[in-house]
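Take a look at the letters that make up each chain.
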Amino acid sequence: MTGAIYLIPNTLGPATAGGLAAVLPDEVRHCAARLEYFIGEQAKSTRAFLKLAGCSKPLQEITIRELNVNTPPAAIDALLAPIMAGADGGLISEAGCPAVADPGALLVRRAHELGIRVIPLVGPSSILLALMASGLNGQSFAFAGYLPVDPAERIKRIRELELRSRREKQTQIFIETPYRNQAMLDALLGTCAGTTLLCVAVDLTQTGESVVSHRVQDWPRKRLDLHKRPAIFLLLAQ
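What counts and what doesn't
Residues numbered from 1 in each chain as written. Predicted model: local features only at pLDDT ≥ 70, side-chain atom pairs only at ≥ 80, totals over all residues. Heavy atoms only, no water. Buried < 20%, exposed > 50% of the residue type's maximum accessible area, 1.4 Å probe, protein only. Helix = DSSP H or I, 4+ residues; strand = E, 2+ residues; numbered from the N terminus. Contact = heavy atoms within 4.5 Å. Patch = residues over 30% accessible without salt bridge, like charges linked within 9 Å, V, L, I, M, F, W, Y side chains within 5 Å. Areas by Shrake-Rupley, 256 points an atom, 1.4 Å probe, with all protein chains shown as cover. Salt bridge = Lys/Arg side-chain N within 4 Å of Asp/Glu carboxyl O. Pairing = 2+ DSSP bridges. Axes fitted to C-alpha atoms, helices over the stretch in contact; angles between N-to-C directions. Parallel < 35°, antiparallel > 145°, perpendicular 65-115°, else oblique. Left-handed = near helix turned anticlockwise from the far one by under 90°. Nonpolar A, V, L, I, M, F, W, Y, C, P; charged D, E, K, R; others polar.

Taken as a whole, helix α7 (residues 181-191) has its buried residues at Asn 181, Met 184, Leu 185, Ala 187, Leu 188, Leu 189 and Thr 191. On its buried face, α7 sits against α6 (151-168), β7 (171-175), β8 (197-202) and β10 (231-236).

Another aspect to go through is unusual backbone geometry. A positive phi angle, close to 70°, is found at Thr 205, a residue other than glycine. Tracing the backbone through its elements, the reader meets Thr 205 in the loop between β8 and β9 (210-215). Unlike most non-glycine residues, Lys 228 shows phi in positive territory, near 60°. For Lys 228, a relative accessible area of 60% corresponds to the exposed category.

This part is about a nonpolar patch on the surface. On the surface, a nonpolar cluster with roughly 330 Å² of combined accessible area is contributed by Leu 128, Met 132 and Phe 141. Mapping Met 132 onto the fold places it in helix α5 (residues 126-134). Here Met 132 falls in the exposed class, since its relative accessible area comes to 65%.

Once that is clear, we can look at the sheet that holds strand β3 (residues 63-66). Spatially, the 5 strands line up as an open sheet ordered β3-β2-β4-β1-β5, and their pairing is parallel. The outermost strands of the open sheet, each flanked by one partner alone, are β3 and β5 (117-120). Strand-to-strand twist across the sheet, computed as the mean angle between neighbouring axes with direction ignored, equals 25°. One ladder, built from 4 bridges, connects strand β2 (residues 37-40) with β3; its direction is parallel. By the bridge assignment for β3, Tyr 37 is matched with Thr 63. Contacting β1 (4-8) and β2, helix α1 (residues 26-34) crosses the sheet at an angle of about 130° to β1.

What follows deals with the pairing of β10. With 6 of its 6 residues buried, β10 lies for the most part within the structure. Side chains Ala 231, Phe 233 and Leu 235 project from β10 onto one buried face, and the interleaved Ile 232, Leu 234 and Leu 236 project onto a second face that is buried too. Pairing geometry for β7 and β10, over 4 bridges, is antiparallel. When the bridges of β10 are listed, Ile 173 appears paired with Leu 234. When β8 meets β10, the two strands line up antiparallel, connected through 6 bridges. Bridge pairing in β10 links Cys 199 to Leu 234.

Here we come to the sheet that holds β9. Taken in spatial order, the 5 strands of this open sheet run β6-β7-β10-β8-β9, and their pairing is mixed. With one partner strand each, in any of the chains shown, β6 (141-146) and β9 form the two edges of the open sheet. The average undirected angle you get between the axes of adjacent strands in this sheet is 15°. Sitting on the sheet, α5 is in contact with β6, β7, β8, β9 and β10, with an inclination near 45° to β10. Here α7 sits on the sheet in contact with β7, β8 and β10, set at roughly 10° to β10.

What describes two packed helices is the angle between their axes and the distance between those same axes. Closest axis-to-axis distance for the helix α3 (residues 76-84)/helix α4 (residues 104-113) pair is 10 Å, and the angle between their directions is 60°. With respect to α4, the axis of α3 lies oblique. In the packing of α3 onto α4, the handedness of the crossing is right-handed. Contact with α3, carried on its side by Ile 76, Asp 77, Leu 79 and Leu 80, involves Leu 106, Leu 107, Arg 110 and Ala 111 of α4 and no other residues of that element. Here the residues of the contact of α3 with α4 are counted per class, giving 6 nonpolar, no polar and 2 charged.

Written out as structure tokens, the structure reads:
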């Protein structure tokens, strides 16, 4: 009989406002405390999460294997082998929910193909939290992931997303590497129509949390300081 794989949400950052209990239910912490096999993006940060979650077992007795952007698809079956052999396992993201904007999606897909039970647990998703707080269209939305790094290609993609948003009345959600956040905000304010609604959600669930939502033409002249802060960007063309 195969085991099950639990999708274990992580915090969105190290300084969670209100402590771990404010963002992770008891069930998540209890599950993390009882499992002995985990798959995470980095073993070091996975151990840090397990310690934070109150894992009662010595960490050296827990098996942690890595799954990240450098993991070849051919290695997925080996990661699932202990679960196929009967052990329950946990998939943990670096931040937020596993398999959402996360390499764990490939492992979850393969688990379904192998008949392994997949059990998602409740936890913070920066994408949904930002949408909730934005005031933009929550009935129709799309997540576009990362936009191009090249400035010209980034502007082209912003225009495409704004056009799609206007045509379909759909909120467009995307993210950026934290050290490029400021360039992203500048590109959005310099490219989008003045009537387009723009929301930037920063440090969600953390002590420096900030959500700002305005029409582009009404954005404050004093720009938000987004440098090296985890952020979600949302736009809705009017």
